[in-house]
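# Coordinate analysis (summary)
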Amino acid sequence: MNRQKPPKGIEWTRIRQADGTELPGYTWNPTGGCLHGCTWRMPDGSITECYAKTIAERFTRGYPHGFEQHYWRPHLLDAPLRLKKPAGIFVGSMADLFGHWVPEEQIQAVLGVMHEADWHTFQTLSKFPIRLPQFNPYPRNVWVGVSLPAGQLMSASGAARALNAYLRKLREVQAAVRFMSIEPLWFDVAPVFEAWLRDEGKLPFEWAIIGAASDGRKTFQPERAWTAGLLDVLDGAGVEVFFKGNLEWDEWREEFPPVLMPKRIPAAAAV
Ligand code: SF4
């Protein structure tokens, strides 16, 4: 597992709990690689691909056949069990654990470890939400998230339709925390959420991460009106908001859902 130390790393793995304490953050990749092939068109017309793919192609040791492959690493399964101190662990920072290509028994094995290591809080993020309800109910220490559809090949209206389909699946998920990663905020998503609220009365997630677009060298901020509209609708719906460090905004937000995880520490576990 990789420690996500400030000021670098994935900041939202360092969960601030309801009692004000902050968990150390880690990433854990018992599966690796991804076949979604996400790309985004940047506001300057350039195309950028997924950051995980860029990293995998730079540090090829763990990805000898490239990033767009599936890697199963059962030798990494017990890593959370050996970590004694409660942590926030993002599962699959270099993968989509719930991708259509991942065998069900591998997903069940990973979920089994998350269930067993119940002193940690696990965060998962998928771009294939159709599969998520199949694994209901999730262990209570697992937060289940969905990312905004990626957009080079999509129009904003196509992405809005896809987002609606994602929300319908997220509504079926039985998890202590459901969340949306809205990163990059590349189209105006607030109207989609507003329409959903009008029809359903409640958004099907409790936490939202918002970020800007980046190609690794340059950051492109979303239109201010998109961010402002999104914050209005999320605040109105009672959704906690976490800003990625690349977002520029006046009033900084790093909220977490008010969940206090159990502090059980197994006596037999090694650090
Ligand atoms: S789903 Fe995530 S890991 Fe997979 S290609 Fe898209 S951004 Fe990359």
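Residues numbered from 1 in each chain as written. Predicted model: local features only at pLDDT ≥ 70, side-chain atom pairs only at ≥ 80, totals over all residues. Heavy atoms only, no water.

### Section: the overall build of the protein
Basically, it comes down to this: Numbering goes from the N terminus for both helices and strands, where a helix is a DSSP run of H or I of at least four residues and a strand is a run of E of at least two. Radius of gyration: C-alpha atoms only; globule rule: 2.2 Å multiplied by the number of residues to the exponent 0.38. For every residue, the accessible area obtained with a 1.4 Å probe (protein chains only) is divided by the maximum for its type, and the residue is called buried under 20%, exposed over 50%, and partly exposed between those limits. Residues are treated as being in contact if the distance between any of their heavy atoms lies within 4.5 Å.
When helices and strands are tallied, the protein shows 6 helices and 14 strands. For the protein, whose C-alpha radius of gyration is 18 Å, the value lies close to the compact-globule estimate of 18 Å for 271 residues. Relative to its 271 residues, the protein shows a buried fraction of 54%. By sequence separation, contacts in the protein at least 24 residues apart represent 73% of the contacts at least 6 residues apart.

### A word on the layout of surface pockets
The condition is simple: Points on a 1 Å grid, built from protein atoms alone, make a cavity when a 1.4 Å probe fits but cannot get out and make a pocket when they are open with protein on both sides within 12 Å along at least 5 of 7 lines; residues with an atom within 4 Å of a point are the lining residues. Grid points are joined across faces, edges and corners, and a volume is the space filled by probe spheres set on the points. Residue classes follow a fixed rule: Ala, Val, Leu, Ile, Met, Phe, Trp, Tyr, Cys and Pro count as nonpolar, while Asp, Glu, Lys and Arg count as charged, and any other residue, Gly among them, counts as polar.
What the second largest pocket holds in volume is close to 230 Å³. Residue composition of the lining of the second largest pocket, by class: 10 nonpolar, 3 polar and 2 charged.

### Examining the confidence of the model for the protein
Definition in use: pLDDT runs from 0 to 100 and stands for how confident the predictor is about each residue.
On average, residues of the protein score 91 in pLDDT, and 94% of them are at 70 or above. Low pLDDT, under 50, characterises residues 267-271; the stretch is placed with 8 contacts to residues that sit more than four places away or in other chains.

### Brief notes about the sheet that holds strand β9 (residues 142-147)
What counts, and what does not: Between any two strands, at least two bridges found by DSSP are needed for them to pair.
Strand order across the open sheet formed by 8 strands is β1-β2-β7-β8-β9-β10-β11-β14, with mixed pairing between neighbours. Edge positions in the sheet fall to β1 (2-3) and β14 (240-243), since each has one partner strand and no second. Pairing of strand β2 (residues 25-28) with strand β7 (residues 88-91) involves 4 bridges; the strand directions are parallel. Within β7, the residue paired with Tyr 26 across the bridge is Ile 89.

### Some points on the site of the ligand
What counts is decided by this rule: Summary of the distance rule: residues count as near a molecule or strand when at least one heavy atom falls within 4 Å of that molecule or strand.
Taken together, Cys 34, His 36, Gly 37, Cys 38, Trp 40, Cys 50, Phe 67 and Lys 127 make up the full set of residues adjacent to the ligand. Per-class residue counts for the shell around the ligand are 5 nonpolar, 2 polar and 1 charged.

### What about the side chain of Gln 106?
As for its placement among the helices and strands, Gln 106 is situated in helix α3 (residues 104-116). You can call Gln 106 buried: its relative accessible area is 11%. Residue contacts for Gln 106: discarding those within four places in its chain leaves Thr 31, His 70 and Trp 72.

### Here's the deal with the pairing of strand β11 (residues 207-210)
Applicable threshold: When the strands point away from the viewer and the connection leading from the first strand across the helix to the second strand turns clockwise, the crossover is called right-handed.
Burial of β11 is two-sided: the residues Trp 207 and Ile 209 facing one way and the residues Ala 208 and Ile 210 facing the other way are all buried. Sheet analysis places strand β10 (residues 177-182) next to β11, joined by 4 bridges and oriented parallel. Bridging across to β11, Ser 181 finds its partner in Ile 209. The handedness of the β10 to β11 crossover, carried by helix α5 (residues 190-200), is right-handed.

### Notes on α5
Spelled out, the test is: Directions pointing from the helix axis toward each C-beta atom define the arc.
Along α5, the residues that are buried comprise Ala 190, Val 192, Phe 193 and Trp 196. Buried residues of α5, seen end-on, are gathered within an arc of 160 degrees and therefore sit on one face of the element. Turned more than 90 degrees away from the buried face of α5, the exposed residues are Arg 198 and Asp 199. Tucked inside the fold, the buried residues of α5 contact α4 (156-172), β10 and α6 (224-236). Among the residues trailing α5, Gly 201 stands out with phi positive, at a value near 85 degrees.

### Here's the deal with the packing of α4 against α5
The line we're drawing: Axis geometry follows a simple rule: fit a line to the C-alpha atoms, using only the stretch in contact for helices, then measure angles between N-to-C directions, giving values from 0 to 180 degrees. Should an angle lie under 35 degrees it is considered roughly parallel, over 145 roughly antiparallel, and from 65 to 115 roughly perpendicular; all remaining angles are considered oblique. Take the far helix as the reference: if the near one is turned anticlockwise from it by less than a right angle, the crossing is left-handed, and if turned clockwise, right-handed.
Taken N-terminus to C-terminus, the directions of α4 and α5 make an angle of 45 degrees; their axes are 10 Å apart at the nearest point. The orientation of α4 with respect to α5, classified from their angle, is oblique. For the pair α4 and α5, the crossing hand works out as right-handed. Contacts from Ala 160, Leu 163, Asn 164, Leu 167, Arg 168 and Arg 171 in α4 reach Val 192, Phe 193, Trp 196 and Glu 200 in α5. Partitioning the contact of α4 with α5 into residue classes produces 6 nonpolar, 1 polar and 3 charged.

### Quick look at the nonpolar core
Short version of the rule: Throughout this description, the term nonpolar core refers to a set of buried Ala, Val, Leu, Ile, Met, Phe, Trp, Tyr and Cys residues connected via side-chain atoms within 4.5 Å.
In terms of nonpolar packing, the biggest core is built from 75 residues, with Trp 28, Met 180, Phe 193, Phe 205 and Leu 234 touching the most fellow members. Per-element accounting of this core gives the leading share, 6 residues, to α4. Sequence-distant contacts of Phe 205, defined by excluding residues within four places in its chain, comprise Leu 167, Leu 170, Arg 178, Phe 179, Met 180, Phe 193, Leu 234 and Val 239. Formed by 14 residues, the second largest nonpolar core is a distinct cluster that contains Ile 10, Trp 143, Ile 209 and Phe 242.

### Here's the deal with the pairing of β7
Here β7 shows a buried face lined by Gly 88 and Phe 90 and a second buried face lined by Ile 89 and Val 91. Pairing analysis gives 4 bridges linking β7 to strand β8 (residues 121-126), with the strands arranged parallel. Each bridged residue has a counterpart across the sheet, and for Phe 90 the counterpart in β8 is Gln 123. In this fold, β7 hands off to α3, which returns the chain to β8; that crossover is right-handed.

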